[in-house]
Amino acid sequence: MRRYYCILLVLTILTAGLVVHPAIARDLKFGFTPVLGEAEMRSEFEPLTAYLSDAIGQKVVLYVAKDYGDLRTQMEDGMVDIGSFSPFAYVDATRGGKIRIIAQSIIDGTTTYRGIIVARKDSGLKTVGDLKGKRFAFVDPKSASGYVYPRAMLIERGLDPKSYFKETIFAGDHNKVIAAVLQSRVDAGAIYEGALAVAKANGVPTENLVTLASTDPIPHDAIAVSTGLDDVLVKKIQTALVDMDKTEAGRRVIANSKKKLTGHVVAEDSLFDVVRRTAKTAGM
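Residues numbered from 1 in each chain as written. Predicted model: local features only at pLDDT ≥ 70, side-chain atom pairs only at ≥ 80, totals over all residues. Heavy atoms only, no water.

Remarks on the overall build of the protein chain
Here's step 1: Counting its regular elements, the protein chain contains 11 helices and 13 strands.
Here's step 2: Over its C-alpha atoms, taken along the principal directions, the protein chain stretches across nearly 95 × 35 × 30 Å.
Here's step 3: Taken over 284 residues, the protein chain has a buried fraction of 48%.
Here's step 4: Within the protein chain, counting contacts between residues at least 6 apart in sequence, those at least 24 apart form 78% of the total.
Here's step 5: Summed over its atoms, the accessible surface of the protein chain is roughly 14,000 Å², and 54% of this surface lies on carbon and sulfur atoms.
Here's step 6: A gap of 2 Å separates the mean positions of the 37 positive and 33 negative side-chain charges of the protein chain. (Helix = DSSP H or I, 4+ residues; strand = E, 2+ residues; numbered from the N terminus. Buried < 20%, exposed > 50% of the residue type's maximum accessible area, 1.4 Å probe, protein only. Contact = heavy atoms within 4.5 Å. Areas by Shrake-Rupley, 256 points an atom, 1.4 Å probe, with all protein chains shown as cover. Lys, Arg positive; Asp, Glu negative; His and termini not counted. Charge placed at Lys NZ, Arg CZ, Asp CG, Glu CD.)

Some words on the sheet that holds strand E6 (residues 115-120)
Here's step 1: Pairing is mixed across the open sheet formed by 5 strands, whose spatial order is E8-E7-E9-E6-E10. Edge strands, defined here as strands with exactly one partner in the open sheet, are strand E8 (167-170) and strand E10 (209-214). On average, adjacent strands in this sheet sit at an angle of 30° to one another, irrespective of strand direction.
Here's step 2: Pairing geometry for strand E7 (residues 135-138) and strand E9 (residues 188-192), over 2 bridges, is parallel. Each bridged residue has a counterpart across the sheet, and for Ala137 the counterpart in E9 is Gly189. (Pairing = 2+ DSSP bridges. Axes fitted to C-alpha atoms, helices over the stretch in contact; angles between N-to-C directions.)

Overview of the packing of aromatic side chains
Here's step 1: Applying the stated criterion to the full structure yields 11 aromatic pairs.
Here's step 2: For the pair Tyr164 and Phe165, a centre-to-centre distance of 5.5 Å together with 65° between the ring planes defines the contact as edge-to-face. The burial state of Tyr164 is the same as that of Phe165; both residues are buried.
Here's step 3: One aromatic cluster in this structure is built from Phe136, Phe138, Tyr147, Tyr164, Phe165 and Phe170. (Phe/Tyr/Trp six-rings, centres within 6.5 Å; stacked < 30°, edge-to-face > 60°.)

Concerning the packing of helix H4 (residues 87-94) against helix H11 (residues 273-281)
Here's step 1: Remark: H4 packs on H11, axes separated minimally by 10 Å, with the N-to-C direction vectors making an angle of 90°. As judged from the angle between their axes, H4 and H11 are roughly perpendicular. Residues Pro87, Phe88, Tyr90, Val91 and Thr94 of H4 touch H11, and the partners they reach there are Val275, Arg276 and Ala279.
Here's step 2: Grouping the amino acids of the contact of H4 with H11 by side-chain chemistry returns 6 nonpolar, 1 polar and 1 charged. (Parallel < 35°, antiparallel > 145°, perpendicular 65-115°, else oblique. Nonpolar A, V, L, I, M, F, W, Y, C, P; charged D, E, K, R; others polar.)

Topic: the side chain of Asp92
Here's step 1: Looking at where Asp92 falls in the secondary structure, it is placed in helix H4.
Here's step 2: According to the relative accessible area criterion, Asp92 is buried, its value standing at 9%.
Here's step 3: Separated by 3.2 Å, the side chains of Asp92 and Arg95 make a polar contact.
Here's step 4: If we skip the residues at most four places from it in the chain, Asp92 touches Arg72 and Lys142. (Polar contact = N/O pair within 3.5 Å; in protein donor to acceptor, adjacent residues only side chain to side chain.)

Focus on unusual backbone geometry
Here's step 1: Although it is not a glycine, Asp108 sits at a positive phi angle of roughly 55°.
Here's step 2: Along the polypeptide, Asp108 turns up in the loop between strand E4 (99-107) and strand E5 (112-113).
Here's step 3: Given a relative accessible area of 54%, Asp108 falls into the exposed group.
Here's step 4: Non-glycine residue Ser184 carries a positive phi angle of around 60°.

Notes on the pattern of salt bridges
Here's step 1: According to the stated counting rule, one finds 14 salt bridges in the structure shown.
Here's step 2: Between Asp92 and Arg95 there is a salt bridge, with its nearest N and O atoms 3.2 Å apart.
Here's step 3: With its nearest N and O atoms 2.9 Å apart, the salt bridge here joins Asp269 to Arg276.
Here's step 4: When salt bridges with common partners are traced through the structure, they connect Arg72, Glu76, Asp92 and Arg95 into a single cluster. (Salt bridge = Lys/Arg side-chain N within 4 Å of Asp/Glu carboxyl O.)

What to know about the nonpolar core
Here's step 1: In terms of nonpolar packing, the biggest core is built from 92 residues, with Leu48, Leu52, Phe85, Tyr90, Leu131 and Ile237 touching the most fellow members.
Here's step 2: If you tally residues by element for this core, the top one is helix H5 (residues 144-156), at 7 residues.
Here's step 3: Leave out the neighbours within four places in its chain, and Tyr90 touches Phe85, Ile99, Ile101, Ala222, Ala224, Asp269, Phe272 and Arg276. (Core = buried A, V, L, I, M, F, W, Y, C linked by side-chain atoms within 4.5 Å.)

A short note on helix H2 (residues 38-56)
Here's step 1: If you check H2, its first and last C-alpha atoms are 26 Å apart, about what 19 residues at 1.5 Å a residue would give, namely 27 Å.
Here's step 2: Approximately 35° is the largest bend angle found in H2, and it occurs at Phe45, with the proline Pro47 only one to four residues beyond.
Here's step 3: For H2, the complete set of buried residues consists of Met41, Glu44, Phe45, Leu48, Thr49, Tyr51, Leu52, Ser53 and Ile56.
Here's step 4: Next to the buried residues of H2 lie strand E1 (28-32), strand E2 (60-64), strand E3 (82-85), helix H9 (231-242) and helix H10 (248-255).
Here's step 5: Looking one or two residues beyond H2, the residue adopting positive phi is Gly57, at roughly 75°. (Expected span 1.5 Å × (residues − 1). Bend = angle between axes of the 7 residues up to and from the residue.)

Function cannot be read off these values alone, since they describe shape.
Structure representation (structure tokens):
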């Protein structure tokens, strides 16, 4: 009997220890589609993950996706918890049924932007009609401004990108498209309009480029979470993002953003139906 009570006492102490010392919450991963190069992505978004860590009381670490499709894969595999998706990458990722949108980025005070087609000023190219038989750079097959919208625009003008250009390449990110055009490795390329300001801030001679065409407005990036993430935690993340401009720490992140991040707003999936319609026009 005495031995029984000793064992009971030990179990009671161990159980109490588990209650007093709960498991430490794991780090959350916040992934981003690689709109810019690795260095620019880390410079831009590590302050945001640091802000979010403090705001929700749980460490958030940055993950820069290898390409636009990789972020979907990482979230579906449970390796990334939160994702900032470029518009078509988001639309594509929703097909898997494992993410849900909680917010949308606001850039430079607006919820939309445009894709543009650029060429060198000294190329003599003035319009999209001058690009027949030329070399052209897209960003990524899942980039809205760097592929889907420019492709749809060309098709709506009766131009088939497969036969209209002499050669097309996927450069990988917007900076690489700009570099390819400036270095005359291609004659023209598709990027998002804000990429020029970011490149200029990094010393790239963007004054040597000319814009040949602009796409229809595109919704800014979608912030989504894994469907299995705890609802209470999701609400904390959403609130922290939406309230960024209301806190001193959040305003510092905004003030130092080269992408001119203004903040975030609550968003619904239907906001991206326009992207779905454009993708259909583009044959995707």
